[in-house]
Amino acid sequence: MKTEMFLAELRIGNFRIFGEGKDALLLSFKPGLTALVGENDTGKTAIMDAIRFALGTRDQEYVRVEESDFHQPPDGSARKTEIRIRCKFADLSATDILAFPEYLTYVEEAGATNPILYINWQAVGGFKGHRRFITVETKSGRDADGPPLDPEAKILLCATYLRPLRDAERA
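Residues numbered from 1 in each chain as written. Predicted model: local features only at pLDDT ≥ 70, side-chain atom pairs only at ≥ 80, totals over all residues. Heavy atoms only, no water.

One finds Ile12, Ile85, Phe89 and Leu117 to be the most contacted residues of the largest nonpolar core, which totals 31 residues. Looking at which element gives the most residues to this core, the answer is helix α1 (residues 44-55), with 7 residues. For Phe89, the residues in contact, after removing those within four places along its chain, are Met5, Phe6, Leu7, Ala8, Leu55, Ile116, Leu117, Ile119 and Leu157. Phe6, Ala8, Ile116 and Tyr118 belong to the second-largest nonpolar core, a separate cluster that totals 5 residues. (Core = buried A, V, L, I, M, F, W, Y, C linked by side-chain atoms within 4.5 Å. Buried < 20%, exposed > 50% of the residue type's maximum accessible area, 1.4 Å probe, protein only. Helix = DSSP H or I, 4+ residues; strand = E, 2+ residues; numbered from the N terminus. Contact = heavy atoms within 4.5 Å.)

Our focus in this paragraph is the side chain of Lys88. Mapping Lys88 onto the fold places it in strand β3 (residues 82-90). Once residues within four sequence positions are removed from consideration, Lys88 is found in contact with Phe6, Leu7, Ala8, Glu9, Glu109, Ile116, Leu117 and Tyr118.

Residue position: Asp69 is located in the loop between α1 and β3. What makes Asp69 buried here is its relative accessible area of 5%. With residues near it in sequence (within four places) discarded, Asp69 still touches Asn14, Phe15, Arg16, Phe53, Arg64 and Ile83.

This paragraph deals with α1. For α1, with 12 residues, the first-to-last C-alpha span of 17 Å sits near the 16 Å given by 1.5 Å per residue. Burial within α1 is extensive, with 9 of its 12 residues counted as buried. Ala46, Ile47, Asp49, Ala50, Ile51, Arg52, Phe53, Ala54 and Leu55 are the residues of α1 that are buried. On its buried face, α1 sits against β1 (6-13), β2 (25-28), β3, β5 (112-128), β6 (131-140) and α3 (151-157). Once α1 ends, the next one or two residues include Gly56, with phi positive near 85°. (Expected span 1.5 Å × (residues − 1).)

This paragraph deals with the pattern of salt bridges. A side chain with one charge may pair with a side chain of the opposite charge, provided their charged atoms come close. Under the definition given, this model contains 10 salt bridges. Note that Arg84 and Glu82 form a salt bridge whose closest N and O atoms lie 3.2 Å from each other. Accessibility expressed as a relative area gives 42% for Arg84, which makes it partly exposed. Owing to a relative accessible area of 27%, Glu82 belongs among the partly exposed residues under this scheme. Each of Arg16, Asp49, Arg52 and Asp69 takes part in salt bridges that share partners, so that together they form one network. (Salt bridge = Lys/Arg side-chain N within 4 Å of Asp/Glu carboxyl O.)

Bringing unusual backbone geometry into the picture now. Phi at Asn14 takes a positive value of approximately 60°, unusual for a residue other than glycine. Relative to the helices and strands, Asn14 is located in the loop between β1 and β2. For Asn14, a relative accessible area of 7% translates into the label buried. Non-glycine residue Ala110 carries a positive phi angle of around 50°. Within the secondary structure, Ala110 is located in the loop between β4 (104-109) and β5. By relative accessible area, which is 89% here, Ala110 ends up exposed.

None of the figures reported here should be taken as evidence of function without further support.
Shown next, in the form of structure tokens:
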């Protein structure tokens with residue numbers, strides 16, 4: 001049976017409503033279709049946008065990191081200056097393994113060694129003189145200790161983004 005690479009885990013830190021440590025978001029997914037359902041302002045769009053930032057997008061909308069994307073703690077302390085998003089892809093096919101060999105991490109699970117593709121996206125904001133800057137980097141490896149992704153690898157991972165369905169009856 002042919003396996004399909006899928007997003008098995010998503011970790012988001014210091015992005016919009018998601019903080020760091022115990023306030024970070026960690027989601028696990030199973031193969032197949034996933035639907036995000038919930039009340040307004042619970043982070044559904046933030047989750048989708050985090051995936052868009054980490055993987056790129058094929059829609060017509062330009063994706064740009066804004067200062068408001070950096071987490072503002074509810075206690076009023078300073079806005080965070082670093083966003084971290086990690087995507088873990090599992091069930092890689094032979095074709096996937098050949099497409100991403102230098103970016104793979106091999107993990108021991110249940111007596112077998114499995115290739116995992118980790119994508120770590122990081123944005124760092126700050127000031128240089130009076131100008132605000134945001135730098136973005138995408139690296140591989142479980143702990144972002146692998147090589148940065150080259151443009152060809154990013155294109156292979158680029159996701160098709162579908163706008164969230166906000167009102168099923170109206171849509």
